[in-house]
Each structure stands twice: as structure tokens, then as C-alpha cells.
Amino acid sequence: MPHAATASGADAAAPGEPVGPLERGLAVLRALAAHPGPRMRPGDLARATGLARSTVDRIVTTLTRLGYLRIEDGRDVVLAPRLMELGNAYLACCGLPDTLEPFAVALADELDESVSLAVPDNAGVRFISQSTRRRTMALAFQIGDLLPAERCAPGVLFAADWSPEQRAAWRTRLHDDPCDLGFPAVPPRPVPPAPDAVEAAFRQREADARNAGWAVDDQLIEPGLVAVAVPVHASDGSTVCALSVVSHTSRHSAGSLAEHALPRLRACAARMEAALESPVPAAARTAPGGPDRSRAPKEELGPEFLQSLARGLAVLTALGSAPGGLTLSGAAEATGLPRATARRALLSLQQLGYAAPAGDGRRFTLLPTVLELGYARLSRLAFAEIAQPHLARLVEQVHDSASVAVLADDDIMYVARVHTVRIMSVSITVGTRFPAYATSMGRVLLAGLPEQEAAARLARAPVRRLTPFTRVGAAELAEAVAQARRDGHALVDQELEEGLRSIAVPVHDRAGQVVAAVNVSTHASRGTPDDVRRALLPALADAAAAIEEDLAVVTERVGLPIP
């Protein structure tokens, strides 16, 4: 459970009990994020949280309407990518990734090793940045993963600032969970160690780190993994984060990694500390598009919608709209909520351990515990996993097969597909490749390239007539691509295979670049090309927009390779 922060400041006095729906909604999100499987049923959530089934149903309905959850197969509850906007709000609010990540990326390139930034989270360590090297033995941690303090290098650095209450909570956790089963990011201990022995070893490592100014992890997380970490200090001398370089014993021992990396780690930490003294202001964030359900009239939302839960989450995301958080007035203004409503949400988030007053007591900032709300799990999603639910919804609407493809040399390659159930259907599987020039997805993907590059690809492609309808002339193919660029979609009528008609639209990344295409395929006997446009294009465009929205949230802080 998140820790409870101590109230301070006039606006933070006497927090009282948290807003019930917000507290229960966060409990449901935590249960889903902690569950070892990707989905849960409402009855399982009721048992995991101790809430009544009717309460869980209302929470799931609300979070689904907000886009944070998704229902699959009619009853399974799944975390949706948009939930990552809560963690993105924390990362923007704390300001550390925006200020320090460029230094970490440069250090990773310089050392040719993985580099991490981590912050203390209660008596644990949570990652806020990862710059990894692509190797067979690669670092598998994600932003948001939580590690036990005693099993990593940053933990001993943060322990120097622990309060007596934090140290007592750490001891309690050692006794209650000696095998670290509550930390899914690390392998569990095969045999429970003696807590007193773990504490003695940890205190010795604390003393060594205090004397040396750096800490080492010699295969504490798992055999073969070694790391060295140095603290990054704020102007008051407190440790705001730890900078770590991580390697494998096939490349370094703990000692040789320290010898190789420590001077440059220290130099990088010094540059980070200087940057923290005068950070570059980050642009204000706004939540992804979509209707703001937190302020809609109650009669529009229906009796199952928990408006106070939606408002509490709106306040949470609003705190990420500016580094350093917001005042109560700023939170009310950012959300459009009455001051009293925003105050109650802020104090609830504080009571539940997700927010805290800043140094002057006027501003509220988010705490790294926000990242426990599914961030690490969702950041592991592959591109196809992001697209697949939207394809399934599209197929439900149009009753024809839908696919997503990317450019692969002169071809398109299918990376996600959902089949429809028809007597006559198109038999294509993920991994199938077709020539880009003869497909609707190929034409919108070529249209997304600079004109010279698209022309070069068409010029080198081995063009041949696949059906009597296939366009093969250089000029007409160039015009087909130009038409797709102008229209924002492409329709190919029996050029790949007789009887097959396909319409496609592009999928853009956060920067507006075309990275994929989504299409619907149908039989040519089912109306004219204009009929196909009228029947399919609106739903197809909506599906592409939904994929783009999820892609934008996931990639705000996390790199996502597109196949």
C-alpha cells in the first residue's frame, strides 16, 4: 500500500478521510497492476480488494469510460494504455527525466552500457529512466519497476535519508516478505534469508557507500547482473535520485565495472546537479484527447459512473501539467473543478500516498508511487498489442477483416490482424508480406515518406502485373501514391488479387510521422468503391485515431520499436 504523507500548509490541514470512490478506484487499479496475469474478472477484483462486487462493477464502468480499463471477451478487465497518463503526470511533475535524461543517454553511449535513473519510493527503489543497450543479455527493467532497497545499488544510497518510520517499515517488509514476492520486477529469493542477516549486510553496505560516495550491486538482483551507482544531490544536499550503470559479468566484474565507469559516473552526476540548479522549463502537458468526463453533468454519465473518482484522477493528471506541481488554485483552474472539490481530491491523494505538499507547503507534487498503477506493465506492450484491441473493435463494427502493416523494404508486412467470420474471407496472417505498390496500406505508407524517397522505392521495386487491374506504370503508381497523400487514405480495387478490395489509412506517431497503416479488406462484390468508402472509411479513421492516441500515451516517456 502507498504510504500516507504528512499534511502541511494551510490548505493541507486536517486531511480527514480520503474520497471513498477515489480510494476504491485506486485500489482496483493496484490490484490489476499487481496481478500476475494480464486480465482479471470483476469477481476476482472483488476478492483481491475486499470490495463489494457491485462497487467493483461501478469502478470498472467508470474507469472504462475514462479509457483507463478495457473489457475483453465480454467480462475480462484489462489495463488500457491510456492509464499510463497517470505515470506520465508524475514523471513530468517531478521534472527529473526532462532535466537529467539527456545526460544519462549520453553516458550510456559513452560507456556502451545500460544507464538508469532511480528515485526512492518509501523503502524501495523505483526506476524513472532507462537507457539500455541492445544485447542478447539485455536489461529487462522498465520505467516504473520497483526494487527492494537491499537488492540494488541505489537502495543503500537512499537509506541514508530514511526516517525512523521508513526504516521500521523496511524491517517489517523484510519479515513479512522475505522472498521478495511483492516485487515482480526481481526474481524471488529461492530460500527465505534471515531478516537479521539481511539487515546487518545492508547496514554494512550503507557504511561502505557513505564512506566511498558510491554503491555497488554485485549480483544481488540475480546472478550475472552487476551495477555501480552514485547519488545525485539537490542543492540542500539530499539525494534526489541515483545514477546507475548496469552490466553483465560476461563483460565486467563488479570491480572492473567500477574502475571502468566510476569516474564518468561522478562527472555525469555533477553535470546533473548543475542542471538541477537551473533546469530548462518543460512545456506544459495536457492530457490526451477525448471528452473530459470529470465535469460532464451527472445525467449524461449514467448512474454507474463515479464522478468523484473521475475528478480525483483528473486532479492527479493535472499535477503533471507543470514541473514542480500545482497549488490548490492551480489544480482547480487546470481541471475546471470547484476549489473545494479540487482540495478534497488533493488531500485524498496525499492521504493515500500519491501526492505531497512541496517544500513551501503551497504546491502539491506527485510521488513516485503513482508509477505502481500499471506503468511498468503497460510500458512493456508491443506495438501489435496496442493496435489489436482497436482492430477487434473495428471488425465488430464493419464485419470485415482488419489489419495493421508496416513498410519492410519494398513490401508491407502484417504486424496485427483480426479476421472476420464469413464464408468468403481473406486468409492472411501476421508476418505475411505483399508488394507495397499493389496494396492500400503500401500506398498510404509510401505517401507518408518524403516524395523523393517514395519515388526511389517505387523505382527500385520489381513491379509486375498481379491481376488485370494492377497498375504497373511509373507515372500511374506515382499518381496513386500522390492521391493517397492528398486524400489521407488509399483504396485498391482488385490490384493485388481479383475480387479483393482494400481501403487503408495511415497511423501516425507522436511526432506526426506515418509509422504504420490500418486497413479493411472486403470482397469486390459488396458494392462499388464509393460504397466501400462511405461504409468503411469513418470507422477505419476512428480506429487509426484510437491507435494513435494510445501510441502517444505509451511513447511519451517510453521507446517503442515499430516492427
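Residues numbered from 1 in each chain as written. Predicted model: local features only at pLDDT ≥ 70, side-chain atom pairs only at ≥ 80, totals over all residues. Heavy atoms only, no water.

> So what about the sheet that holds strand β11 (residues 355–357)? Which residues, and what values?
Judged by pairing direction, the sheet is antiparallel, and its three strands sit side by side in the order β10-β12-β11 without closing on themselves. The sheet is open, and its two borders are formed by β10 (326–327) and β11, each paired with just one other strand. The pairing of β10 with strand β12 (residues 363–366) spans two bridges and is classified as antiparallel. Across the sheet, the residue bridging to L326 is F364, located in β12. (Pairing = 2+ DSSP bridges. Helix = DSSP H or I, 4+ residues; strand = E, 2+ residues; numbered from the N terminus.)

> Could you give an account of the packing of aromatic side chains, naming the residues involved and the relevant values?
Applying the stated rule across the entire model yields five aromatic pairs. With 5.9 Å between their ring centres and 85° between their planes, Y414 and F434 make a pair best called edge-to-face. Here Y414, found in strand β14 (residues 411–418), pairs with F434, found in strand β15 (residues 433–435); they are 20 residues apart in sequence, far enough to count as distant. Of the residues examined, Y414 reaches a relative accessible area of 5% and is grouped as buried. Counting every residue linked through ring pairs, the aromatic cluster contains W162, W170 and F202. (Phe/Tyr/Trp six-rings, centres within 6.5 Å; stacked < 30°, edge-to-face > 60°. Buried < 20%, exposed > 50% of the residue type's maximum accessible area, 1.4 Å probe, protein only.)

> Give a detailed account of the pattern of salt bridges, specifying residues and quantitative values.
The tally for this structure, following the rule as stated, stands at 34 salt bridges. The shortest N-O distance in the salt bridge between D180 and R173 comes to 3.1 Å. R173 shares its class with D180; the two are buried. One salt bridge in this structure joins D411 and R433, with 3.3 Å as the shortest N-O distance. Of this pair, D411 sits in strand β14 while R433 sits in strand β15, and the two are 22 residues apart along the sequence. Judged by its relative accessible area of 23%, D411 falls in the partly exposed class. Each of R39, R41, R70, E72, D73 and D76 takes part in one network of salt bridges that share partners. (Salt bridge = Lys/Arg side-chain N within 4 Å of Asp/Glu carboxyl O.)

All we've got here are geometric facts, nothing functional implied.
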